[in-house]
Amino acid sequence: MKFTKMHGCGNDYIYVNGDKEKILDEKKPEIVRRLSDRHFGIGGDGVIFINPSREADFEMEMYNMDGSRAEMCGNGIRCVGKYVYDKGLTNKTEISVVSCGKTKYLTLFPENGLIGSVRVNMGSPILKASEIPVIADGEEVIGERIEVDEKIYQMTCVSMGNPHAVIFMDEVSQLPLEKIGPLFENHVRFPNRTNTEFVKVLDRENVQMRVWERGTGETLACGTGACAVSVACILNGLTKEQVAVKLLGGTLQIQWDRKENLIYMTGPAVTVFEGEIF
Ligand SMILES: N[C@H](CCC[C@H](N)C(=O)O)C(=O)O
């Protein structure tokens, strides 16, 4: 099977042309686990299949390292845009990509004939607790307390198609993520589990975050997570509507256009290598 290894801010996935590599859907979770293994496979945070689509220019079918399917992937969709342009599957620089029935609109920025960065209209944030989903007393979860491992955290929940718990901290560099990450991910209040972002607000335009991703663990970056963090910061009055989100693997520029209620994410997409696995 041919594949392309790409990353967005160090959030690395294995990209497969689903039109050429025919794999049975029921086999995908096991194959994803094998390919993602960083010792016995190719190694990656998961696998993304790029498929033809009737609803959009292309379909993104995204799987986490544990074989679970996710509704959206911000770093992944930027790399999908780069993949289809660089490989000549499209010559457009404005394209649409559908994932789990939701279509996103991308602007591709060529540099010397190849795509260097991508701007994605990530749609509107979902704040309704029942749609995230998160079990809550009220309609939304904004600045609420949650107890994990006998510690109280302040949580704001946002969905970008996938669930996010945003936790504000004074410091994020010394977090025991291996311990508390899984406790948030599998917390009883999240029926579909959750991604969890730990964020330190640096000033009104810059934040620093780390993330424990549902189905993968700590990653160097999370695009939907950076969007969720920006929404949470703005809702809590902590930043302006344009935020530079500093992640371990790089920086993403996020803008929440409140009039249109649309989130724009801009960031890099990088091809590392091509290969064939037997
Ligand atoms: N782990 C996420 C999917 C990948 C999201 C992240 N890698 C991104 O860039 O948005 C989930 O299960 O919802």
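Read on for a plain summary of the structure. Only a predicted model underlies this, so the values are computations on that prediction, with no experimental measurement involved.

Ranked by internal contacts, the top residues of the largest apolar core, which has 54 residues, are Tyr-15, Ile-48, Met-60 and Met-209. Shared between two domains, this core holds at least three residues of each, these being domain 1 (2-123 + 267-276) and domain 2 (129-260). Setting aside its immediate chain neighbours within four residues, Met-60 contacts Ile-48, Phe-49, Arg-69, Met-72, Cys-73, Gly-76, Ile-77, Val-80, Val-97, Val-98 and Ser-99. One finds Ile-146, Val-148, Ala-165 and Ile-167 within the second-largest nonpolar core, a separate group that totals 20 residues.

Let us now look at the pairing of strand β7 (residues 102-111). As defined by bridge partners, strand β6 (residues 94-99) adjoins β7 across six bridges and the pair is classed as antiparallel. Note that in β7 the partner of Val-98 across the bridge is Thr-103. Hairpin geometry of β6 and β7 is characterised by an intervening segment of two residues between the two adjacent antiparallel strands and by a positive phi of about 50° at Cys-100. Counted between consecutive antiparallel strands, the loop separating β7 from strand β8 (residues 114-121) contains two residues, among which Asn-112 sits at a positive phi close to 55°.

Time to look at the packing of aromatic side chains. Taken as a whole and assessed by the stated rule, the structure comprises four aromatic pairs. Pairing Phe-3 with Phe-273 gives two aromatic rings, centres 5.9 Å apart and planes at 85°, and the pair type is edge-to-face. One end of the pair, Phe-3, is in strand β1 (residues 2-8); the other, Phe-273, is in strand β18 (residues 270-276), with 270 residues separating them in the sequence. A relative accessible area of 35% places Phe-273 in the partly exposed class. Ring centres of Phe-49 and Tyr-63 lie 5.8 Å apart, and the angle between their planes is 90°; on these two criteria the pair is classed as edge-to-face. Here Phe-49, found in strand β3 (residues 46-51), pairs with Tyr-63, found in strand β4 (residues 58-64); they are 14 residues apart in sequence, far enough to count as distant. With a relative accessible area of 6%, Tyr-63 lands in the buried category. Positioned above the aromatic ring of Tyr-63 is the side chain of Arg-69, whose terminal nitrogen or guanidinium carbon lies 5.7 Å from the ring centre. Residue placement shows Arg-119 over the ring face of Tyr-264; its charged tip is 4.1 Å from the ring centre.

Time to look at the site of the ligand. Not every one of the 16 residues close to the ligand is listed here, only the nearest: Tyr-13, Gly-74, Glu-213, Gly-223 and Thr-224. The contact in question runs from an oxygen atom of the ligand to an N or O atom on the backbone of Gly-74, over 2.8 Å. Contact between the ligand and Asn-75: an oxygen atom at 3.0 Å from a main-chain N or O atom of the residue. In a pocket analysis with a 2 Å cut-off to the grid points, the ligand is assigned to the largest cavity. Looking at the shell around the ligand, the elements that each hand over two or more residues are β2 (11-17), β4, α2 (74-86) and α4 (223-235). Within the shell around the ligand, the residues separate by chemical class into six nonpolar, eight polar and two charged. There are two domains that each give the shell around the ligand at least three residues, and those are domain 1 (2-123 + 267-276) and domain 2 (129-260).

Taken as a whole and judged by the stated rule, the model has one cavity of 30 Å³ or more. The space that makes up the largest cavity amounts to roughly 100 Å³. Met-72, Asn-162, Asn-195, Glu-213 and Thr-224 are, among the 16 residues lining the largest cavity, the residues nearest its centre. Elements with a minimum of two residues in the lining of the largest cavity: β2, β4, α2 and α4. Classifying every residue of the lining of the largest cavity by side-chain character gives six nonpolar, eight polar and two charged. Inspection of the lining of the largest cavity shows a minimum of three residues originating in each of domain 1 (2-123 + 267-276) and domain 2 (129-260).

This part takes up the environment of Ser-159. With respect to the helices and strands, Ser-159 occurs in strand β10 (residues 151-159). Residue classification places Ser-159 among the buried residues on the basis of a relative accessible area of 2%. Distance in space between the C-alpha atoms of Ser-159 and Gln-174 is 26 Å, their sequence separation being 15 residues. Every residue in contact with Ser-159, bar those within four places of it in the chain, is listed here: Pro-125, Ile-126 and Ile-132. A polar contact of 3.4 Å, which involves the side chain of Ser-159, links it to the backbone oxygen of Asn-162.

What follows covers α2. The end-to-end C-alpha separation of α2 is 19 Å, in line with the 18 Å expected for 13 residues at 1.5 Å each. Among the 13 residues of α2, twelve are classified as buried, and the element is accordingly described as predominantly covered. Gly-88 occupies a position one or two residues after α2 and carries a positive phi of about 75°.

Reading guide: rules and limits
Along each chain, residues carry numbers from 1 onward, in the same order as the chain's sequence is written. Local features in a predicted model are, by the rule used here, given only for residues with pLDDT of at least 70; side-chain atom pairs are given and counted only at 80 or more, and totals for whole chains, interfaces and linings are based on all residues. For the side-chain quantities, the full set of heavy atoms in the structure was used; hydrogens and water were omitted. The set of buried Ala, Val, Leu, Ile, Met, Phe, Trp, Tyr and Cys residues whose side-chain atoms join them within 4.5 Å is what this entry labels a nonpolar core. The buried label applies to any residue whose accessible area, calculated with a 1.4 Å probe on protein chains only, is under 20% of its type's maximum; exposed applies above 50%, and partly exposed to all values in between. Domain delimitation in this document rests on an assignment produced automatically or drawn from a domain database. Any two residues whose heavy atoms approach within 4.5 Å are treated as being in contact. A pair of strands is considered paired only if DSSP assigns at least 2 bridges between the two. Starting at the N terminus, helices and strands are each numbered in turn, a helix being any DSSP run of H or I of at least four residues and a strand any DSSP run of E of at least two. The aromatic pairing rule takes the rings of Phe, Tyr and Trp, using the six-membered ring of Trp, and pairs them if the centres are within 6.5 Å, calling planes under 30 degrees apart stacked, those over 60 edge-to-face and the rest tilted. In our convention, an over-ring charge means Lys NZ or Arg CZ found within 6 Å of a ring centre and within 35 degrees of that ring's normal. Near residues are defined by distance, with any heavy atom within 4 Å of the molecule or strand qualifying the residue. Whenever a nitrogen or oxygen atom comes within 3.5 Å of another N or O atom, the pair is scored as a polar contact, on the condition that within protein one atom can donate a hydrogen and the other can accept it, and that pairs from neighbouring residues in sequence are kept only if both atoms are in side chains. Each cavity reported here is a set of points on a 1 Å grid over the protein atoms alone in which a 1.4 Å probe fits but cannot get out, each pocket an open set with protein on both sides within 12 Å along at least five of seven lines, and each lining residue one with an atom within 4 Å of a point. What decides whether a molecule sits in a cavity or pocket is whether more than half of its atoms lie within 2 Å of the grid points. Gly counts as polar in this scheme, as do all residues outside two lists: the nonpolar Ala, Val, Leu, Ile, Met, Phe, Trp, Tyr, Cys and Pro, and the charged Asp, Glu, Lys and Arg. Grid points are joined across faces, edges and corners, and a volume is the space filled by probe spheres set on the points. Given the number of residues in a helix, its expected span is that number minus one, multiplied by 1.5 Å.

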